[in-house]
2 protein chains.
Amino acid sequence: MKEIKVYLSEKDIPRKWYNLAADLPTPLLPPIGPDGQPLSPDKLAPVFPMNLIDQEMSQERWIDIPEEILEVLYRWRPAPLRRAVYLEKYLKTPARIYYKDESLSPAGSHKTNTAVAQAWYNKQFGIEKLTTETGAGQWGSALSFACQLIGLECKVFMVRVSFDQKPMRKAMMQVWGGKCVPSPSEETQAGRDILQKYPDTPGSLGIAISEAIEAAVMDTSGKTRYSLGSVLNHVLLHQTIIGLEAKKQLEMISEKTPDVIIGCAGGGSNFAGLAFPFICDKINGAKIDIIPVESASCPKMTRGEFAYDFGDMAKMTPLLAMMTLGHQFIPAPIHAGGLRYHGMAPLVSQAIIDKLMAPRAYDQLKGYESAMIWARTEGTICAPETGHAIAATIEEALKAKEEGKEKVIIFSYSGHGLLDLAGYEKFINNQLKKYILPDEELKKSIKSLDGLPKIPS
Amino acid sequence: MKEIKVYLSEKDIPRKWYNLAADLPTPLLPPIGPDGQPLSPDKLAPVFPMNLIDQEMSQERWIDIPEEILEVLYRWRPAPLRRAVYLEKYLKTPARIYYKDESLSPAGSHKTNTAVAQAWYNKQFGIEKLTTETGAGQWGSALSFACQLIGLECKVFMVRVSFDQKPMRKAMMQVWGGKCVPSPSEETQAGRDILQKYPDTPGSLGIAISEAIEAAVMDTSGKTRYSLGSVLNHVLLHQTIIGLEAKKQLEMISEKTPDVIIGCAGGGSNFAGLAFPFICDKINGAKIDIIPVESASCPKMTRGEFAYDFGDMAKMTPLLAMMTLGHQFIPAPIHAGGLRYHGMAPLVSQAIIDKLMAPRAYDQLKGYESAMIWARTEGTICAPETGHAIAATIEEALKAKEEGKEKVIIFSYSGHGLLDLAGYEKFINNQLKKYILPDEELKKSIKSLDGLPKIPS
């Protein structure tokens, strides 16, 4: 019998992160200001600590992981690589399906990997408090956890609709000392402005980001910074430990390079964490299908534009070159909260433009259907976001069966769904609707790109 | 650096369960009928399948674990043995603290170990449906999970107060196809009787057991049986895989026999699962402190009587020789729902009488305080029940510090608290009260033992 769980020992944990920026065929477009000029690092200094800004701009292929960060990560890392033998059997597929189990982190998702790194770098820089936004609550929980262990205060602006759907996420943040308020809130100018215009808004990550940045830069002590849970280069960098571990684990069991790599993608960091370390192989000629999976309710990769856009609704961020639906996009209140961001990480966006990967979108019903198949075969309850990745995994496993090929499929099991059971309950009771972003909504939100600097062709 | 996670490979999983009944210094008292006569196995046949009744009565020291059961358990077993280095550091203790991480099972607790075994034996016996009760919801979830994977229907009567406090437990059972109703319910005579007498009752495990047994024996098809999540010999037997794995894991890292073994104990199966395989060593002369930990709101081990008592309120079960508060006991609605049962497993009770172990009780505030220390050092959020075990662990670690001894402490991390965050929130907001069962309540409930057959002295 082959073991279905592959454990990497702590001493073999990767000691460097991988930076795809060093290897992208097309160099990454720099962030720019509203004037169209590339942003100098000091412009970001009120928002991020300089050590993370350096990382954000870095072109180094490998970046050392400080030992103190590893000391925190050992609580759950290296994460097991597992084989989904029960799902394989159910699907009668010749494919071998592997997944990295990121649900084992104390906060329940991959987010904790960068949360710990960011908290540590901020602490090193003398920062005492971090502000952030959260959608589904995974990021807010992860940063609260990290701040507790590293010794920082943490303030979280949580998208209103998720705050209401998932009250226990707030409790979780409190356990780790984090303070959580629904966004838009009355605590910031950005929040007050939105509330005046749309008093009943479900909120959005774009709004919550505006509030969190404002709360950071308005703190006159200079000891507060902002922390982002996805999208940016340094965030994706910290997640590459997932794929780097996976490579070692596949080697341990003498498994070949995967044929298919899958991850759900909201801002892109979970997907990138698994996929980026394998992209080298693809650039060097390996035939790998790489599939970022998004929600059909927020389809920036499959239906958005590649353009310079703001990361937030109040236009407080620099302009980033990304696949986007426009920063004014307000997503429908579907349950996979982590997939509701309007833009995709510049590194992932550029890799899509360079045809290194082919995105795919599923609606939430497909996500829950797939999550239910998973729960009733593999046994565990996944995050609704992860359900989207499982949808693609099932599709690819069935394709392999049709083709009669022994493909190796690997996906990121990005988080558990134990705080998302209200969504499951609605799905089981047929209270969820299929929702695909209508064309007119798409056109409307894309309009917010009008007048912004264009990507040079 | 020593690794803080000790993984046992799947091929080294224990292949036999350990039956303490074979080694107890005082032979276990048999279950008896209301007439005081030992129960013949056929009396139990309407309630349990014969293969489990045989196991319940067995005096064999080692009992084979069927391969088909292991095939289900591999999803999360062997469970890691972990060292709590971060808690050790926080406490500045010379003790080495280990714990078996039972929270990794899909249903989130140790309960899944016996759920799978019981579902499998019932299926083998031709049974199609199981009924059961659940307190905190861990057992109902575990049995729903097991029934889904083994292919049985599952009906769960959930103690009303927990049903209301933990709505997501019901959703979890539904994900795995289980049907869950609050108890007392209108579906059984036992439920209707209680509701008429106490319309506002928070319910109790004793009542829910009555309902579940009634629902099983009243099914005229003969294809329904009842399943109990703790207390009985065969249930404790199935849990011994925990301690048997732990022994192998301690050996792997060349660690000595533990000085202290700790587990929280509601009905006793979690505690027994870890402790029983080590009791042999104690019987053979090893000096080990073995500590079952209960809730001060339900103190049958520290303040109850050792007597023949019913397992349920409606007196449908046989009489078991156990430490008990009396079957009419209605526990206060504290948050550690799994610690609210009125009786302790006969095997554990006899071992206490034989002075093989020394029970301890903590109130719920102490439990949450300890759980918070854990969350802010080790990082994970434990079940409130587990918090009681951590309270004892911390006490013992500090004692080792005082004595300047390098003790080895091991405890069972019986479950996660991700569906118990409402309790944490109340604790953080100072909405929970210290509650210790008052003497007059104790006296009142002990009275329900009057008139029952006595244990021969």
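Just so you know, these numbers come straight off a predicted model, no measurement behind them.

Rules used throughout
- Residues numbered from 1 in each chain as written.
- Chains lettered and ligands numbered in written order.
- Predicted model: local features only at pLDDT ≥ 70, side-chain atom pairs only at ≥ 80, totals over all residues.
- Heavy atoms only, no water.
- Patch = residues over 30% accessible without salt bridge, like charges linked within 9 Å, V, L, I, M, F, W, Y side chains within 5 Å.
- Areas by Shrake-Rupley, 256 points an atom, 1.4 Å probe, with all protein chains shown as cover.
- Salt bridge = Lys/Arg side-chain N within 4 Å of Asp/Glu carboxyl O.
- Helix = DSSP H or I, 4+ residues; strand = E, 2+ residues; numbered from the N terminus.
- Buried < 20%, exposed > 50% of the residue type's maximum accessible area, 1.4 Å probe, protein only.
- Least-squares fit on C-alpha atoms with pLDDT ≥ 70 in both.
- Contact = heavy atoms within 4.5 Å.
- Polar contact = N/O pair within 3.5 Å; in protein donor to acceptor, adjacent residues only side chain to side chain.
- Nonpolar A, V, L, I, M, F, W, Y, C, P; charged D, E, K, R; others polar.
- Domains from an automatic or database assignment.
- Buried area = accessible area lost by both parts, 1.4 Å probe.
- Pairing = 2+ DSSP bridges.
- Axes fitted to C-alpha atoms, helices over the stretch in contact; angles between N-to-C directions.
- Expected span 1.5 Å × (residues − 1).

Section: a nonpolar patch on the surface
All names here are of chain A.
Logical step 1: Taken together, the side chains of Val217, Met218 and Met316 make up a nonpolar region of the molecular surface, amounting to roughly 260 Å² of accessible area.
Logical step 2: Among the structural elements, Met316 can be located in the loop between β12 (305–310) and β13 (319–324).
Logical step 3: Residue Met316 is classed as partly exposed on the basis of its relative accessible area, which comes to 33%.

Examining the relation of the copies chain A and chain B
Logical step 1: Once turned by 180° and shifted 0.0 Å along the axis, chain A lies on chain B with an RMSD of 0.0 Å. Expressed as an axis order, the relation between the two copies is that of a two-fold axis. Using C-alpha coordinates, one finds that chain A approaches the rotation axis most closely at A:Leu418, a distance of 3.4 Å.
Logical step 2: Taken as a fraction of all interface residues of chain A, those also at the interface in chain B reach 100%, which identifies the copy contact as same-surface.

Considering the interface of chain A and chain B
Logical step 1: The interface is formed by 48 residues belonging to chain A together with 48 residues belonging to chain B.
Logical step 2: Put simply, B:Glu10 and A:Lys5 hold a salt bridge, and the shortest N to O gap is 3.2 Å.
Logical step 3: Run the count over chain A and chain B and you get 28 residue pairs in polar contact (both at pLDDT 80 or more).
Logical step 4: Elements supplying a minimum of two residues to the side of chain A that touches chain B: α3 (67–73), α6 (138–150), α8 (167–175), α16 (364–377) and α18 (421–428) of chain A.
Logical step 5: Broken down by element, the side of chain A that touches chain B gets its largest block of residues, six residues, from α8(A).
Logical step 6: Residues of the side of chain A that touches chain B, tallied by class, amount to 26 nonpolar, nine polar and 13 charged.

Quick word on unusual backbone geometry
Logical step 1: Geometrically, the link from A:Ser183 to A:Pro184 is a cis peptide bond, its omega value of 5° lying close to zero.
Logical step 2: Note that A:Pro184 resides in the loop between β8 (179–183) and α9 (189–197).
Logical step 3: At A:Lys315, a residue that is not glycine, the phi angle is positive and equals roughly 60°.
Logical step 4: Of note, A:Lys315 is situated in the loop between β12 and β13.
Logical step 5: The backbone phi angle of B:Lys355 is positive, close to 60°, even though this residue is not glycine.

Here's the deal with the domain arrangement of chain A
Residues and elements named next belong to chain A.
Logical step 1: Splitting chain A by domain gives domain 1 (5–12 + 64–108 + 233–445) and domain 2 (18–27 + 45–60 + 111–226).
Logical step 2: Taking the mean C-alpha position of each, domain 1 and domain 2 sit 21 Å from one another.
Logical step 3: Across the contact, 58 residues belong to domain 1 and 50 residues belong to domain 2.
Logical step 4: Taking both partners together, domain 1 and domain 2 bury about 4,400 Å²; carbon and sulfur atoms supply 65% of that area.
Logical step 5: Where domain 1 meets domain 2, there are one salt bridge.
Logical step 6: Across the pair Asp420 and Lys166 runs a salt bridge whose closest N-O atoms are separated by 2.6 Å.
Logical step 7: Summed over the shared surface of domain 1 and domain 2, the number is 15 residue pairs in polar contact (both at pLDDT 80 or more).
Logical step 8: Counting residues per element, the ones that place at least two in the side of domain 1 that touches domain 2 are α3, α11 (233–239), α12 (241–252), α13 (269–283) and α15 (346–353).
Logical step 9: The class makeup of the residues in the side of domain 1 that touches domain 2 is 32 nonpolar, 16 polar and 10 charged.

Side note on the sheet that holds strand β9 (residues 224–226) of chain B
All names here are of chain B.
Logical step 1: Taken in spatial order, the four strands make up an open sheet running β8-β7-β6-β9, and their pairing is parallel. Here the strands that pair on one side only, and so sit at the sheet edges, are β8 (179–183) and β9. Mean inter-strand twist for the sheet, computed between neighbouring axes without regard to direction, equals 20°.
Logical step 2: Note that strand β6 (residues 129–134) and β9 share three bridges and pair parallel. Along β9, the bridge assignment pairs Lys129 with Thr224.

Examining helix α17 (residues 384–403) of chain A
Residues and elements named next belong to chain A.
Logical step 1: The first and last C-alpha atoms of α17 sit 29 Å apart over 20 residues, in line with the 28 Å expected at 1.5 Å per residue.
Logical step 2: For α17, the tally of buried residues reaches 14 of 20 residues, placing the bulk of the element in the interior.
Logical step 3: One or two positions beyond α17, positive phi appears at Gly404, with a value near 65°.

Remarks on the pattern of salt bridges
A side chain of one charge can pair with a side chain of the opposite charge when the charged atoms of the two come close.
Logical step 1: In total, this model carries 46 salt bridges over all chains according to the counting rule given.
Logical step 2: Between B:Lys100 and B:Glu245 there is a salt bridge whose closest N-O contact spans 2.6 Å. Here the residue B:Lys100 occupies a position in strand β5 (residues 96–101), and B:Glu245 occupies one in helix α12 (residues 241–252), the gap between them amounting to 145 residues.
Logical step 3: Judged by its relative accessible area of 0%, B:Lys100 is buried.
Logical step 4: Between B:Asp164 and B:Arg160 there is a salt bridge; the shortest N-O distance is 3.6 Å. One end of the pair, B:Asp164, and the other, B:Arg160, are both in helix α7 (residues 160–165), four residues apart, so they sit about a helical turn from each other.
Logical step 5: You can call B:Asp164 partly exposed: its relative accessible area is 49%.
Logical step 6: If you follow the salt bridges from partner to partner, you end up with A:Arg77, A:Lys100, A:Glu102 and A:Glu245 in one network.

Concerning helix α5 (residues 112–124) of chain B
Residue and element names in this part refer to chain B.
Logical step 1: With 13 residues, α5 should reach 18 Å at 1.5 Å per residue; the first-to-last C-alpha distance of 18 Å fits that figure.
Logical step 2: Burial within α5 is extensive, with 11 of its 13 residues counted as buried.
Logical step 3: Those residues of α5 lying buried are Thr112, Asn113, Thr114, Ala115, Val116, Ala117, Gln118, Ala119, Trp120, Tyr121 and Asn122.
Logical step 4: Gly126, located one to two residues past α5, shows a positive phi value of around 90°.

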